[in-house]
Amino acid sequence: NKQVILRDYVTGFPKESDLNIVESTITLNLPEGSNDVLLKNLYLSCDPYMRILMNKDLPPELSTRSYSPGSPIRGYGVSKVLESGHPDYKKGDLVWGTTKWEEYSLVPATLILFKIDHTDVPLSYYTGILGMPGMTAYAGFFELGSPKKGENVFVSAASGAVGQLVGQFAKLHGCYVVGSAGSKEKVDLLKNKLGFDEAFNYKEEPDLNAALKRYFPEGIDINFENVGGKTLDAVLLNLRLHARIPVCGMISQYNLTQLDGVTNLPSLLFKRVHMQGFNVSDYYHLYPKFLEYLLPRIREGKVVYVEDIAEGLENGPAALVGLYSGRNFGKQVLVVAHE
Ligand code: NDP
């Protein structure tokens, strides 16, 4: 059973060498009386939060979830059930949810695990558009953003797993949407394939405040926050009255030992802003409603999804670490096995 294990806790930017590929043995039978599920992992999802779980010290609400050095890292994935001791799952079922970075995993069925009923779309979509990042975009934009037709929406890390969907949801909802991303190719993708009204390369903008003023002369109604730091600070100077900020993530801060200072917080007060952090796991009860919204739109080509596919567990460390330098072009997926 090939595995990707954490070598030791990480400080600063993660490196490929922080993760090791090892071989171990696993019995492909369920222990007698077990109600766990034995999975063959097919696709693994590379997600920015995984870096946070490599820290030695975590906030109390996360501490039970930190990775253990010497053990395979955990994450979301798409898997096939080989054996099940739980009545909700049976041999041959396809599922997405919590698994480990290895070929075969024994996981408690009580963890996040959804049965996959629709296989006319690519299975890898359940690591992205139809899985956790998709639910994140949906809950963050619709539930926390409370969008209205005609509003102005800004999305950072806009070409990524979550951002590309937020932009498309905003367009379908009749909003004006601008995204920022870290390369010319990503900016072209946002404007030419994903339907954003405008997009810019934040690395080439010496003054983010001026850039946002250029794209939002009347200000931002919804800022979907993926990045934090300097981008958030500039956004705070460009908000409209009663703006909403779903705080989805702050990837620019995950590897820093000294966080960037955000100085423009008084805007929240003057502009009567609703800024709220959220965790997608609190919104999984909306999954059936989300599928009902999104599946027909995928089938009709009204929503598209860009994936960056890496092949083989041995390429997992590079794929995961690449998220923090923007190497991924769209949702970063890792293929472990083709069914
Ligand atoms: P992406 O697919 O967008 O990959 C990460 C991207 O972040 C990179 O490609 C890079 O794009 C950008 N990035 C990396 N470092 C920086 C930096 N220092 N400054 C600015 N941009 C940077 O990831 P996801 O779409 O999966 O995740 C987006 C955000 O959503 C993350 O913050 C993540 O933690 C959060 N999230 C939160 C969830 C929740 O429940 N709240 C659930 C899922 C995700 P570029 O080339 O454009 O710089």
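If you're wondering where the values come from, they're calculated on a predicted model, not measured in any experiment.

Brief notes about the overall build of the protein chain
- Helix and strand content of the protein chain: 9 helices and 15 strands.
- Relative to its length of 339 residues, the protein chain is compact, with a C-alpha radius of gyration of 20 Å against a globular reference of 20 Å.
- Counting only C-alpha atoms and orienting by the principal axes, one finds that the protein chain spans roughly 65 × 45 × 35 Å.
- A buried classification covers 43% of the 339 residues belonging to the protein chain.
- Contacts spanning at least 24 positions in sequence make up 66% of the contacts within the protein chain whose residues lie at least 6 apart.

So, the UniProt feature "domain: Alcohol dehydrogenase-like C-terminal" (unreviewed entry) in the protein chain
- Per the UniProt record, "domain: Alcohol dehydrogenase-like C-terminal" (unreviewed entry) is found at residues 161–292.
- As a span, residues 161–292 carries 35% helix and 21% strand, and end to end its C-alpha atoms are 20 Å apart.

Quick word on the packing of helix 2 (residues 132–144) against helix 8 (residues 287–299)
- Across the interface, helix 2 lies against helix 8 with an axial gap of 11 Å and an inter-helix angle of 90 degrees. It follows from the interaxial angle that helix 2 and helix 8 lie roughly perpendicular. In this structure, helix 2 uses Gly-134, Met-135 and Tyr-138 to contact helix 8, whose residues at the interface are Tyr-287, Phe-290 and Leu-294.
- In the contact of helix 2 with helix 8, the residues fall into 5 nonpolar, 1 polar and no charged.

Examining the pairing of strand 6 (residues 104–108)
- The buried fraction of strand 6 is high, at 4 of 5 residues.
- As judged from the 5 bridges shared by strand 3 (residues 36–45) and strand 6, these two strands associate in the antiparallel manner. Across the sheet, the residue bridging to Lys-40 is Tyr-104, located in strand 6.

Considering the sheet that holds strand 9 (residues 176–181)
- Across the sheet, 6 strands lie side by side as 10-9-8-11-12-13; this open sheet has parallel pairing. A single partner strand is all that each edge strand has here, and the edge strands are strand 10 (198–201) and strand 13 (274–277). Strand after strand, the sheet turns through a mean of 15 degrees between neighbouring axes, direction not considered.
- Sheet strands touched by helix 3 (residues 163–172): strand 8 (152–155), strand 9 and strand 11 (220–224). Its angle to strand 9, the strand with the most contacts, is close to 165 degrees.

A few points about the nonpolar core
- Counting residues in hydrophobic clusters, the biggest one holds 93 residues, and the most contacted among them are Val-153, Val-166, Leu-190, Ala-199, Val-235 and Leu-334.
- Among the elements that take part in this core, helix 2 stands out by supplying 7 residues, more than any other.
- Per-domain counts for this core show at least three residues from each of domain 1 (2–128 + 306–335) and domain 2 (132–281).
- Residues in contact with Ala-199, not counting those within four places in the same chain, are Ala-158, Val-178, Gly-179, Ser-180, Ala-181, Val-187, Leu-190 and Lys-191.

Some details on the site of the ligand
- Lining the immediate environment of the ligand, one finds 31 residues, of which Gly-160, Gly-182, Gly-249, Ser-252 and Gly-326 sit closest.
- When residues of the shell around the ligand are traced back to their parent elements, those giving at least two are helix 2 and strand 15 (331–335).
- Residue classes in the shell around the ligand are distributed as 15 nonpolar, 13 polar and 3 charged.
- Taken domain by domain, the makeup of the shell around the ligand includes at least three residues from each of domain 1 (2–128 + 306–335) and domain 2 (132–281).

Looking at the packing of helix 2 against helix 3
- Interhelical geometry of helix 2 versus helix 3 gives an angle of 45 degrees and a closest axis separation of 9 Å. Judged by the inter-axis angle, helix 2 sits oblique to helix 3. Here the hand of the crossing between helix 2 and helix 3 comes out right-handed. In contact with Gly-134, Ala-137, Tyr-138, Gly-140 and Phe-141 of helix 2, helix 3 contributes Leu-165, Val-166, Phe-169 and Ala-170.
- Along the lines of polarity and charge, the residues of the contact of helix 2 with helix 3 split into 7 nonpolar, 2 polar and no charged.

A short note on helix 6 (residues 229–236)
- What helix 6 keeps buried is the set Thr-231, Leu-232, Ala-234, Val-235 and Leu-236.
- Taken together, the buried residues of helix 6 touch strand 8, strand 9, helix 5 (208–215), strand 11, strand 12 (239–247) and helix 7 (266–270).

What about the environment of Arg-299?
- Here Arg-299 lies in helix 8.
- The exposed category is assigned to Arg-299, around which 12 C-beta atoms lie within 10 Å.
- In this structure the C-alpha to C-alpha distance between Arg-299 and Ala-109, which are 190 residues apart in sequence, comes to 30 Å.

Re unusual backbone geometry
- Positioned with a positive phi, Ser-146 is a non-glycine residue whose angle comes to about 40 degrees.
- Positionally, Ser-146 belongs in the loop between helix 2 and strand 8.
- Despite not being glycine, His-242 shows a phi value in the positive range, around 65 degrees.
- Inspection of the secondary structure assignment puts His-242 in strand 12.

Cut-offs and rules
Along each chain, numbering runs from 1 in the same order as the chain's sequence is written. Residue-level local features of this predicted model are given only where pLDDT is at least 70; pairs of side-chain atoms are given and counted only at 80 or more, and the full residue set underlies all totals for whole chains, interfaces and linings. Each helix is a run of H or I in the DSSP string that is no shorter than four residues. Each strand is a run of E no shorter than two, and both are numbered from the N terminus. The globule rule used here is 2.2 Å times the number of residues to the 0.38 power, and the radius of gyration it is set against is calculated over C-alpha atoms. Partly exposed residues are those whose C-beta has more than 12 but fewer than 20 other C-beta atoms within 10 Å; 20 or more makes a residue buried and 12 or fewer makes it exposed, with C-beta atoms placed from the backbone. C-beta atoms are first placed from the backbone for all residues, and any pair lying within 7 Å is then listed as a contact. UniProt positions are given in the numbering used here, feature names are shortened, and annotations may be inferred rather than shown by experiment. To get an axis, a line is fitted to the C-alpha atoms, and for a helix only the part in contact is used. The angle between two axes follows their N-to-C directions and goes from 0 to 180 degrees. Every angle not falling under 35 degrees, over 145, or within 65 to 115 is termed oblique; those three ranges are roughly parallel, roughly antiparallel and roughly perpendicular. All amino acids are sorted into three groups, where Ala, Val, Leu, Ile, Met, Phe, Trp, Tyr, Cys and Pro are nonpolar, Asp, Glu, Lys and Arg are charged, and the leftover types, Gly among them, are polar. Criterion used throughout: strands pair if DSSP finds at least two bridges between them. Here, a nonpolar core means buried Ala, Val, Leu, Ile, Met, Phe, Trp, Tyr and Cys residues linked by C-beta atoms lying within 7 Å of one another. The start and end points of each domain follow an automatic or database-based domain assignment. We call a residue near a molecule or strand when the C-beta position, derived from backbone atoms, sits within 6 Å of it. Take the far helix as your reference; a near helix turned counterclockwise from it by less than a right angle gives a left-handed crossing, and one turned clockwise gives a right-handed crossing.

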